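Coordinate analysis (summary)
Take a look at the letters that make up each chain.
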Amino acid sequence: MEWEVVIGLEVHVQLATQSKIFSGASTAFGADPNTQACAIDLAMPGTLPVPNEEAFRYAVMFGLAMNAGIGKRSVFERKNYFYPDLPKGYQTTQLEKPIVGAGQIEIHLEDGSSKTVRLHHAHLEEDAGKSLHEDFHGMSGIDLNRAGTPLIEIVSEPDMRSAAEAVAYLKKIHSIVTYLGISDGDMSQGSLRCDANVSVRLKGEEALGTRAEIKNLNSFRFIEKAIKVEAQRQIDLIEDGGKVVQETRLYDADKNETRSMRSKEVANDYRYFPCPDLLPVVLSDEYIEQVRGDLPELPDAKCARFEKDYGLSAYDADQVTQERATADYFEQVAAESGEPKLAANWVMGELAALLNREEKSIADSPVSAVHLAGLIARIKDNTISSKIAKQVFEAMANGDGDADTVIEAKGLKQVSDTGAIEKLVDDVIAASGAQVDNYRNADPDKRPKMMGYFVGQIMKASKGQANPQMINKILKDKLDALL
Amino acid sequence: MHQLTIAEIIRGLRDRQFSSVEITSHLLERIQQLDGHYNSFITVTGEQALAQAAAADARLAAGDAPALCGVPIAHKDIFCTNGVRTSCGSKMLDNFVPPYDATVVDNFQQAGAVSLGKTNMDEFAMGSSNESSFYGAVKNPWDLARIPGGSSGGSAAAVAAQLVPGTTATDTGGSIRQPAAMTGTTGLKPTYGRVSRWGMIAFASSLDQGGPIARTAEDAALMLSVMASSDSKDSTCLDRPQQDYTASLNDSIAGLKIGVPREYFGEGLDGEVGARVQEALKQYEALGAELVEISLPHSKLAVPAYYVIAPAEASANLSRFDGVRYGYRCENPADLRDLYMRSRGEGFGEEVKRRILVGTYALSAGYYDAYYNKAQQIRRLIKQDFVDAFQKVDVIMGPTAPNPAFKLGEKNADPVAMYLEDIYTIATNLAGLPGMSLPCGFAHGLPVGLQIIGNYLDETRMLNAAHQFQQATNWHQQTAPAAE
């Protein structure tokens, strides 16, 4: 039996507005508990929500970037349930009339293929606070700093067929929200969280299987692993004659398994109804067009432009444009150095490796775009070889200054002086009598291979600084003269 | 001094006939001596009132007096007052001291008014008799064995007993107009959105509206001129600045077209009450107005629609009272569920619990369409009735309540009979229209209220009609016997 996995994602993205969606309190992360919660966030009696128009604008930007319809009259509703970190006893959210309607995006997979994923809708809502269960001696602590932080919940259609597709979709969402600047997308701080609806069915079947919802996945790696392990659980269950139950499950990263949450929480009747404290959000066509006009260049458009303007391969262009900060960095290096292909290679190669090793984002890169461009310029003008360039790059990463400073200080400048190279070649030939004899006695077609030994010796003697093309030419001339 | 109207107090203060400290002290003494009979105040803020009065006197002396400078008032205990306990008539908030002022409270402070304290009310404004207050029932100054109406019973009784010349109140289904009618006072519920709801503890957000209770239409106009403002803190508050509602009080009402809805004079209306209202209408004819019979065909549906919508909204609005952050918390909760169940079970009274249950039921899966959606449809029909009527008439008049004040305890066993007391007032809340009640005589020895319903934002015309009636009659000048 061949099984097919069907995945739909609900992604919660915290919007990077200065203040909360219905109050003036700050949304900054990491403050002391309850220092960023005002009377409205605490749901004090008589307080009322005042909508933050910036949150509406961010949601519209997102909708337009997802090629989605914009709800010109969206309505906030109350979702009623009791929980200590939900101060009003209801969450203000949207249900029947969301601000973003159906849309679609292209996702790019590692094998180079593309796929369209449909967006069901996206709506605005407020985040809840946090319950802290440690350090309170049998009680729970409540931190309402996060309560009222604006979220968009992005609901996909069940269009993904593998964990890899789900990750690619999520990366695309991440890419779009960070390109738009509407979220910092920081998953470690909960700025982007994901619930995955996973079901399985036999390949070729039309009807969807019963789904399980895996809650609160907060890293790309966990999402991939959680979906894989949940799909396998369902397949094993069915193959053993069991049935999948519709339920909410939690992923345990330590044990790499999903576990059922109490079903009581699923059986809630949320008693949604339109919030009488808030007017419907009415958006004019002019407003929507103005937001559209202000949209920045998005990843797909940037990718196409990089292919066309910089001659990058589709793969390279896609890699370099996944994150806006990377794309901006690349463009600066390409512009300053005039060598876009080299720039792309360095950004995806040495720079990516460095950042990965040091666990830094490109925004905090130890090597600036200007410095990298300077290095590439020295490769291009033959001041240094590519090999030496890596040495210079490491030095720049260690804070030793720009490429020229490092090359100068360490004396790494490439030797391109004919006389100097001739001398190096002569010295090596003189010291390698046996190898020269072998060369002379060898078949002509074997001789090019034998040159490697001499080149190695000459490079060694020059400490890697001799111009390799010049060595090759001068060496061949001199060896051939001995024939 | 306690017999003076707000208009008279303003003149007296400016003419130096008396000081704000003098009248404030006088009224505080009266409250202390007499309110044991009425129970119209939950909290009296004597010290603070005298400090405000002294400050007002200084401003009066300096010639820097805003509109209501030095005028004593009191706030219904539903309006949050910075530093002063705001209970909403509930055990749940018996210990609640807000760190902020309601916009209404702030507006009166800006206008220089002196607040004597917080008036009693039905718990969370749920009631028509002021018997559901955690602080005990309020007695009607006209007959201490009778209710003063509700939910703003304390605000109405305090004015009727001449403890204070004007009070703030709120009206969700008649809670200003019905107690005004039953206590012989003049009460006004503005157009929905005209008065900010910021800091006014919510019962049913789409219906709640603050307004004044006073002795005369002129006083109500003076208070409304201060109360009604735009407010960026309330999204549903209309974007209109304060305005002078006294400007047109003295205009002639000759030619005013008064709609008289036949549905407001049918079954259930006390005969004497009906007779007083008819006499008032005759008086209007004498003043040159024209009576036009109209129909509001969906009137009968107002009470059932209201008792779905208001409890539905209330069920969510009152969820915040969970014992977690402020207000009543039960002793030694065993766990979270116990904390919720006992805090709410012990903190709320019977009527509040009844409405939370009704509202929760109406919003439940499977019942939402049959109740909440159907009620919203009815609400639109009721609104359309009024829109159609106002094509033909300038104002609508009828009785405020079907009966005069009933006896304490009389309707406690029968919630539906109690709900029917608001049969003539509820429709205006559902439609969002302004309405007022003014005294128009007596039935069975008790005050009767004439209700005036105005078109949207047409409070000026409504007040003009009320003031002209009060110029021609003296019903509003009758004082309750116990207050003598």
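Residues numbered from 1 in each chain as written. Chains lettered and ligands numbered in written order. Predicted model: local features only at pLDDT ≥ 70, side-chain atom pairs only at ≥ 80, totals over all residues.

1. Side note on the overall build of chain A
- Helix and strand counts for chain A come out as 15 helices and 15 strands.
- By the compact-globule yardstick of 23 Å for 483 residues, chain A is too spread out, its C-alpha radius of gyration being 30 Å.
- For chain A, the spread of C-alpha atoms along the principal axes amounts to about 95 × 55 × 55 Å.
- The buried share of chain A, taken over its 483 residues, is 41%.
- If you take every contact in chain A between residues at least 6 apart in sequence, the share linking residues at least 24 apart comes to 68%. (Helix = DSSP H or I, 4+ residues; strand = E, 2+ residues; numbered from the N terminus. Rg over C-alpha atoms; globule rule 2.2 N^0.38 Å. Buried ≥ 20, exposed ≤ 12 C-beta atoms within 10 Å, placed from the backbone. Contact = placed C-beta atoms within 7 Å.)

2. Section: the overall build of chain B
- Across its full length, chain B holds 15 helices and 11 strands.
- What you see for chain B is a C-alpha radius of gyration of 21 Å, in line with the 23 Å of a compact globule of 484 residues.
- Counting only C-alpha atoms, chain B reaches 65 × 50 × 45 Å along its principal axes.
- Looking at chain B residue by residue over its 484 residues, the buried ones come to 61%.
- Long-range pairs, those at least 24 residues apart, make up 76% of the contacts in chain B between residues at least 6 apart in sequence.

3. Some words on the pairing of strand E9 (residues 150-156) of chain A
Residues and elements named next belong to chain A.
- Counting buried positions along E9 gives five out of seven residues, so the element sits mostly inside the fold.
- Judged from the five bridges that link them, strand E1 (residues 3-14) and E9 form a sheet pairing that is antiparallel. Considered in E9, the bridge of Gln 14 is made with Leu 151.
- Where strand E6 (residues 114-126) meets E9, seven bridges bridge the pair, whose relative direction is antiparallel. When the sheet's bridge partners are listed, Glu 126 is paired in E9 with Pro 150. (Pairing = 2+ DSSP bridges.)

4. Notes on the pairing of E1 of chain A
- Examined bridge by bridge, E1 of chain A and strand E10 (residues 192-202) of chain A share 11 bridges and lie antiparallel to one another. Residue pairing in the sheet places Leu 9 of chain A in a bridge with Ala 196 of chain A of E10 of chain A.

5. Digging into the interface of chain B and chain A
- Contacts between the two partners involve 36 residues from chain B and, on the opposite side, 26 residues from chain A.
- Tallying contributions element by element places helix H9 (residues 302-317) of chain B first for the side of chain B that touches chain A, with three residues.
- In terms of residue class, the side of chain B that touches chain A is made up of 20 nonpolar, nine polar and seven charged. (Nonpolar A, V, L, I, M, F, W, Y, C, P; charged D, E, K, R; others polar.)

6. Remarks on the environment of Ala 334 of chain A
Residue and element names in this part refer to chain A.
- Tracing the sequence through the fold places Ala 334 in helix H7 (residues 324-337).
- With 24 C-beta atoms counted inside 10 Å, the residue Ala 334 sits in the buried group.
- Sequence separation between Ala 334 and Leu 372 is 38 residues; the distance between their C-alpha atoms is 9.6 Å.

7. Quick look at the packing of H9 of chain B against helix H12 (residues 369-392) of chain B
All names here are of chain B.
- For the pair H9 and H12, interaxial distance at closest approach is 9 Å and the crossing angle is 125 degrees. Here H9 lies oblique to H12, going by the angle between them. Note that H9 runs across H12; the crossing there is left-handed. Residues Ala 302, Ala 305, Val 308, Ile 309 and Ala 312 of H9 pack against Tyr 371, Tyr 372, Ala 375, Ile 378, Arg 379 and Ile 382 of H12. (Axes fitted to C-alpha atoms, helices over the stretch in contact; angles between N-to-C directions. Parallel < 35°, antiparallel > 145°, perpendicular 65-115°, else oblique. Left-handed = near helix turned anticlockwise from the far one by under 90°.)

8. Points about the domain arrangement of chain A
Residues and elements named next belong to chain A.
- As assigned here, chain A comprises domain 1 (3-290), domain 2 (297-410) and domain 3 (418-481).
- Taking only C-alpha atoms, the centre of domain 1 and the centre of domain 2 are 35 Å apart.
- The interface is formed by nine residues belonging to domain 1 together with eight residues belonging to domain 2.
- For the side of domain 1 that touches domain 2, the elements supplying multiple residues, two or more each, are strand E5 (103-108) and helix H2 (163-180).
- The biggest single contributor to the side of domain 1 that touches domain 2 is H2, with five residues.
- Of the residues contributing to the side of domain 1 that touches domain 2, the split by class is three nonpolar, four polar and two charged. (Domains from an automatic or database assignment.)

9. Thoughts on the sheet that holds strand E4 (residues 90-94) of chain A
- Read across the sheet, three strands follow the order E4-E3-E14 (chain A) without closing on themselves; strand pairing throughout is antiparallel. Each edge of the sheet is formed by a strand with only one pairing partner; in this case those strands are E4 and strand E14 (273-274) of chain A.

10. Some words on the packing of helix H12 (residues 418-430) of chain A against helix H14 (residues 447-461) of chain A
Residues and elements named next belong to chain A.
- Relative orientation of the contacting elements H12 and H14 amounts to 120 degrees, with a least axis distance of 10 Å. If you check the angle between H12 and H14, you find them oblique. Considering only the axes of H12 and H14, their crossing is right-handed. Two secondary-structure elements touch here, H12 through Leu 424, Val 425, Asp 427 and Val 428 and H14 through Phe 454, Gln 457, Ile 458 and Ala 461.

11. Section: helix H1 (residues 6-14) of chain B
All names here are of chain B.
- Turning to H1, its buried residues number three or more, namely Ile 6, Ile 9 and Leu 13. Each buried residue of H1 lies within a common arc of 55 degrees when the element is viewed along its axis, so the set occupies one face.
- Where H1 is buried, its residues contact helix H2 (20-38), helix H3 (46-61), strand E4 (166-171), strand E6 (209-214) and helix H7 (217-227). (Arc of directions from axis to C-beta.)

12. Regarding the nonpolar core
- Counting 207 residues, the largest nonpolar core has Ala 59, Phe 62, Ala 166 and Ala 196 of chain A together with Val 395 of chain B as the members making the most contacts within it.
- Looking at this core element by element, the count peaks at 10 residues for H2 of chain A.
- Ignoring any residue separated from it by four or fewer positions in sequence, one finds Ala 196 of chain A in contact with Ile 7, Leu 9, Ala 166, Ile 214, Leu 217, Ile 223, Ala 226 and Ile 227 of chain A.
- Formed by 35 residues, the second largest nonpolar core is a distinct cluster that contains Phe 306, Ala 327, Ile 379 and Ala 403 of chain A. (Core = buried A, V, L, I, M, F, W, Y, C linked by C-beta atoms within 7 Å.)

13. Remarks on the environment of Leu 28 of chain B
Residues and elements named next belong to chain B.
- The topology assignment puts Leu 28 in helix H2.
- Judged by local crowding, Leu 28 falls into the buried class, with 22 C-beta atoms found within 10 Å.
- On a C-alpha basis, the gap between Leu 28 and His 467 in space is 29 Å, while along the polypeptide they are 439 residues apart.
- Setting aside chain neighbours within four positions, we find Leu 28 in contact with Val 44, Gly 46, Ala 49 and Leu 116.

14. A word on the sheet that holds strand E11 (residues 212-217) of chain A
Residues and elements named next belong to chain A.
- Ordered by their spatial adjacency, eight strands build an open sheet running E5-E6-E9-E1-E10-E11-E12-E13, and the pairing between neighbours is mixed. Each having just a single partner strand, E5 and strand E13 (257-260) make up the two edges of the open sheet. Neighbour-to-neighbour, the strand axes of the sheet open up by a mean angle of 30 degrees, direction not taken into account.

15. Some thoughts on H14 of chain A
- Taking 1.5 Å as the rise per residue, H14 of chain A with 15 residues should run 21 Å; its terminal C-alpha atoms sit 22 Å apart, in good agreement.
- Two residues or fewer past H14 of chain A, Lys 463 of chain A is found with a positive phi of approximately 60 degrees. (Expected span 1.5 Å × (residues − 1).)

16. Considering the environment of Gly 181 of chain A
- Residue placement: Gly 181 of chain A occurs in the loop between H2 and E10.
- Assessed through the 12 C-beta atoms surrounding it within 10 Å, Gly 181 of chain A is described here as exposed.

17. A short note on unusual backbone geometry
- Residue Ser 151 of chain B follows Gly 150 of chain B across a cis peptide bond; omega there is 5 degrees.
- Tracing the backbone shows Ser 151 of chain B in the loop between strand E3 (114-119) and helix H5 (153-160).
- With a phi close to 55 degrees, Asn 216 of chain A is a non-glycine residue in the positive phi region.
- As for its placement among the helices and strands, Asn 216 of chain A is situated in strand E11.

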